[in-house]
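# Results of the structural survey
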Amino acid sequence: MASVTLSYQILITRFFSVMLYYHFAFAAISLAMLGLTRGAMEVYNNPTRYAPERVGPEFARHASWFAVTGVGAMICFLCAPVLVPVEYLWLALLTTTIAFVIPLSASGVCITLLLTRMPYSGGWLYAADLAGAAVGCLGIIFVLLVIDPVSATLGIGAMAAGAGWMVVRGSGDVRTLRLSGAVALSLGAAAMVHAALDVSGKSHLGVFWAKGTQQTGTLFERWNTYSRVRVTAMGESVPFGWGFSRTPTTKIDQKYLDIDADAATVITRFDGDLGKLGYLKDDVINGAYLVQPTADVAVVGVGGGRDVLSALLFGARKISGIEINPAIFEVLTDKFADFSGHLDKQPGVSLINAEARSYINHSSDRYDLVQISLIDTWAATAAGGLTLTENRLYTVEAWGDFYRALKPRGMLSVSRWYDPSTHRGEFYRLVSIAAEALQRSGGPAAGLKDHLIALNVGNIVNVITRPDAFTSAEWQAARTRLEAQGFKILMGPDVAFDAVTTKLISGTADAAYFASLPENVTPSTDDNPFFFYTARFGDFVAAPMSARTHNNTAITMTLALIAVALVACLFYVVGPFIRLARTTPLATLTPPVTFFCGIGIGFMLIEISQMQRLMVFLGHPVYGLSVVLFTILLFGGLGSTTVGARSPRTRDVITRLVALLATLAIAGLLTPALTTWARSETTSMRIVLSILLLAPPAFCMGMMFPLGLSIWRRQSELHPYFWSANGIMSMLASVLGMALSIEFGIANTYALGVALYVVCALMIVVAGRKMSRMALFAARPAISPAMVADAPSIQPKQAETPAVPARTSEVAG
């Protein structure tokens, strides 16, 4: 059940990114945690219905309900013409929450029944839960390489109902057994038929509406774990461009390629005649070719191949097109290879399916130009919106990697969106990144202006930097060519733009100066790679409407999810705690609740931080899911198996706590050093090193949940409440981790996760001391029956077992 739940969660991430906007993918983890928590509280509030002897039938019914409602919610979501203006953000969030929390709540009931109503066997059940989640995490990646997500959803529903059939078949409940079998067979058959229709290219259930636009005229569609690529026809039309200094007068046959129904580029018909592509010289993103001759070029983000055609037009002899998305790679090299002129077979051209930084770090090739043109897919990966691939291209460390891949006098060209009156933030941040990266590469602060050129046409700015300073003669010759082409020069060795860019390029801008600016344009780093988010969290309180740009809407979503999570915490954690405190001493109740809440937050903060930090090192965003999450879940499950069913000894508990804190601290310190030292190693070696880095702390973190259940096993009637508190705090942490990473950096977010485990260790120590005092008191033989009768409040057994009212539904909300 854990396997299908995590797979379903990943599919929700992808559907949200396509049909709403990528920042709605942040909600997927939160929805999953909220649903699981609601399921846990349902079990806690109804002990009679969910008694141990009824585990089989109830599990089967809820598994079938998960299957039916999960498929139903996804189909309705596919067919609905969803449009989400910013002012209706809350309504969209509420609608999606209701639609998808229902099946996830049913899954929560199933998992809670297995973890809390089965005979306690130490950490083996929790290990099975984590191992199942690990299998689901890895399995869905390969499934989406073979079949479409609708077929995958149907298959997940069939597997869930099938799991219910297996659990209930020995209970004697024939009616439930037949229901589970019917649901499993029906959805399984539907999955096979739908997959066959998709493979054969015939009409089938797909995305009818995306971001409020009807999806018609689709020539090609491909889903994978981090995007949906779609191609439609444009026909003979005016050439597509970003910032033309002259309006093209010719027409050319093109096809439209979009990613998650938002970011787009074109595939141009190419028959080998470069003369038809003259309009590309007028596009400001190609300004670097006019600065100096280029022979070896690296194009980051090939897309439809437009930048590769530009390199061919300007006479580059060797062109390396680096494209991270295999679906786009398939479009250019297979599905539309004839239309695009088989770019991969053009003389000197090689197309590489890889993550750019990873490829450049371990490649020995050197370039005259590295070109990055408007790389922003707005597609959330299956690992969640926290691992957007393009974020890692716009960091100081990334530009350092690109500088090291340049030949002497080689250039880095980066183009972004720009508007002089309303959208300068990205331009300022590019300049600040350039200044910091140039200084780190050895450029003197006083002469940084001699390393940078900024060009503008329309809403595009192209920032060109070079580790070697431009000489006066080089600059004057380049300036003549650029102005003749009609490009506006915003910055150059003898051209200043405004006071802000002058300060940034002077190398003297400090933290106080950046804090004084209206937008956050601090140089983004690998520790804080959120290039697009130029609004501060405080801006959404002081001036919420002015902060809501297309880029910064993700922060609005994050704040909304934090608010929802806090309300859920009040309802599912604080409310039941207050009611339980009326009948249970705080000294008895506080340590376990704090412990399970703490490990819920701590686990998620560490998982998210490591996923963010290792994504580029591993070389692909999908590896952030398949390696990081899979390793943490798998080794966490192995760690939980080491916790037995009996109460642990004090020495054993101390050993586990010391091992946990030590491995977390070591992993936190080693991660940045390892990713720098081994960045040029092969992919397989980087995967091995990442597993070795992640496995020890994951193994120790996996011990904590079953260890807590063992320590507080006398409060077994509260275990569903502990499980729900753990889940709801994980939900809070899933979005809080995003906010903390943006505001304070990934390393500090990881450190907070470690600090929470320290608090959890203290709670175990407090509980241990209390139990030791109680055991010592119970061992004293001097207390007579008369004394006990006179002082009933000090009977040890009564103190060890918290009082719970007969009607548990009155205790928890």
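Residues numbered from 1 in each chain as written. Predicted model: local features only at pLDDT ≥ 70, side-chain atom pairs only at ≥ 80, totals over all residues. Heavy atoms only, no water.

### Notes on the overall build of the protein chain
Within the protein chain, the regular secondary structure consists of 28 helices and 14 strands. Among the 813 residues that make up the protein chain, the fraction classed as buried is 60%. Contacts in the protein chain between residues far apart in sequence, at least 24 positions, make up 77% of those at least 6 positions apart. For the protein chain, the accessible area works out to roughly 30900 Å², and carbon and sulfur atoms hold 63% of it. (Helix = DSSP H or I, 4+ residues; strand = E, 2+ residues; numbered from the N terminus. Buried < 20%, exposed > 50% of the residue type's maximum accessible area, 1.4 Å probe, protein only. Contact = heavy atoms within 4.5 Å. Areas by Shrake-Rupley, 256 points an atom, 1.4 Å probe, with all protein chains shown as cover.)

### Quick word on the pattern of salt bridges
Applying the stated rule across the entire model yields 28 salt bridges. For the salt bridge of Glu58 with Arg49, the shortest nitrogen-to-oxygen distance reads 3.3 Å. Judged by relative accessible area, Arg49 falls into the partly exposed class, the value being 39%. With its nearest N and O atoms 3.2 Å apart, the salt bridge here joins Glu483 to Arg479. Note that Glu483 and Arg479 are positioned in helix α15 (residues 472-484) at a spacing of four residues, about one turn of the helix. On the basis of relative accessible area, Glu483 is assigned to the partly exposed category, the value being 45%. Residue Arg479 is classed as partly exposed on the basis of its relative accessible area, which comes to 23%. Through salt bridges with shared partners, one network takes in Glu42, Arg49, Arg54, Glu58, Arg61 and Asp173. (Salt bridge = Lys/Arg side-chain N within 4 Å of Asp/Glu carboxyl O.)

### As for the sheet that holds strand β6 (residues 263-268)
Taken together, the four strands give an open sheet; going across it, the order is β3-β4-β5-β6, and neighbouring strands pair in antiparallel fashion. Only two strands of the sheet have a single partner each, and these edge strands are β3 (218-224) and β6. When the angles between neighbouring strand axes are averaged without regard to direction, this sheet yields 25°. Summarising the sheet, β3 and strand β4 (residues 227-237) pair through six bridges and their orientation is antiparallel. When the sheet's bridge partners are listed, Trp223 is paired in β4 with Arg228. (Pairing = 2+ DSSP bridges. Axes fitted to C-alpha atoms, helices over the stretch in contact; angles between N-to-C directions.)

### Considering the sheet that holds strand β8 (residues 318-323)
Reading across from one edge, β9-β8-β7-β10-β11-β13-β12-β14 is the order of the eight strands in this open sheet, with mixed pairing throughout. If you trace the sheet from one side to the other, it starts and ends with β9 (349-353) and β14 (488-491), each paired once. Shown here is a sheet whose adjacent strand axes are inclined to one another by a mean of 20°, direction ignored. Bridge count between β8 and β9: five bridges; the pairing is parallel. The residue bridging Glu323 from the neighbouring strand is Asn353, located in β9. Each of β11 (406-417), β12 (452-457) and β14 is contacted by α15, which is oriented at about 140° to β14, the strand it contacts most.

### A few points about the packing of aromatic side chains
A complete count under the given rule lists 24 aromatic pairs for this structure. Between Phe240 and Trp242, the aromatic rings sit 4.9 Å apart at their centres with planes inclined by 85°, giving edge-to-face as the arrangement. Ring centres of Phe595 and Trp712 lie 5.4 Å apart, and the angle between their planes is 50°; this geometry places the pair in the tilted category. One end of the pair, Phe595, is in helix α21 (residues 586-618); the other, Trp712, is in the loop between α24 (683-711) and α25 (719-744), and 117 residues separate them in sequence. Exposure class is identical for Phe595 and Trp712. Each is buried. Aromatic ring contacts, followed pair by pair, group Tyr44, Phe595, Phe596, Phe705, Trp712, Tyr721, Phe722 and Trp723 into a single cluster. The aromatic ring of Tyr513 is capped on one face by Lys503, whose charged end is 5.7 Å from the ring centroid. Above the ring of Tyr750, the side-chain terminus of Arg613 is found at 5.0 Å from the ring centroid. (Phe/Tyr/Trp six-rings, centres within 6.5 Å; stacked < 30°, edge-to-face > 60°. Lys NZ or Arg CZ within 6 Å of the ring centre and 35° of its normal.)

### Here's the deal with the packing of helix α3 (residues 55-79) against helix α7 (residues 174-200)
In helix packing, the relevant descriptors are the interaxial angle and the interaxial distance, both defined with respect to the helix axes. At a closest axis distance of 9 Å, the pairing of α3 and α7 adopts a crossing angle of 30°. As summarised for this structure, α3 and α7 are arranged roughly parallel, according to the angle between their axes. The hand of the α3/α7 crossing is left-handed. Between α3, through Pro57, Ala60, Arg61, Ser64, Ala67, Val68 and Val71, and α7, the contact on the second element is made entirely by Thr176, Leu179, Ser180, Val183 and Leu187. For the contact of α3 with α7, a count of residues per class yields eight nonpolar, three polar and one charged. (Parallel < 35°, antiparallel > 145°, perpendicular 65-115°, else oblique. Left-handed = near helix turned anticlockwise from the far one by under 90°. Nonpolar A, V, L, I, M, F, W, Y, C, P; charged D, E, K, R; others polar.)

### Some details on the confidence of the model for the protein chain
Averaged over the protein chain, the pLDDT score is 83; the fraction of residues at 70 or greater is 85%. Every residue in residues 381-387 is under pLDDT 50, and counting partners more than four places away or in other chains gives 25 contacts. The low-confidence segment residues 775-813, where pLDDT is below 50, has 43 contacts with residues more than four positions distant or belonging to other chains. (pLDDT = per-residue confidence, 0-100.)

### Thoughts on the packing of helix α1 (residues 2-19) against helix α5 (residues 124-146)
Close contact between α1 and α5 brings their axes to 7 Å; oriented N to C, the two are set at 45°. In terms of their interaxial angle, α1 and α5 are classed as oblique. Judged by the twist between their axes, the crossing of α1 over α5 is right-handed. Residues Ala2, Ser3, Leu6, Ser7, Ile10 and Leu11 of α1 pack against Asp129, Gly132, Ala133, Val135, Gly136, Cys137, Ile140 and Leu144 of α5. Residues belonging to the contact of α1 with α5 are distributed by class as follows: nine nonpolar, four polar and one charged.

### As for the environment of Glu53
With respect to the helices, strands and loops of the structure, Glu53 is situated in the loop between α2 (26-45) and α3. Linking Glu53 and Ser171, residues 118 residues apart in sequence, is a C-alpha distance of 9.0 Å.

### Some details on the state of the cysteines
Scanning the entire structure with this criterion turns up zero disulfides. Cysteine Cys569 shares no disulfide, and the gap to the nearest cysteine sulfur, in Cys597, comes to 7.5 Å. (Disulfide = S-S within 2.5 Å.)

### Focus: the pairing of strand β5 (residues 252-259)
Most of β5 is tucked away, with seven of its eight residues classed as buried. Across eight bridges, β4 lies against β5 in antiparallel orientation. Within β5, the residue paired with Val229 across the bridge is Ile259. Bridging between β5 and β6 involves six bridges; their strand directions are antiparallel. Residue pairing for β6: Tyr256 is matched across the bridge by Val266.

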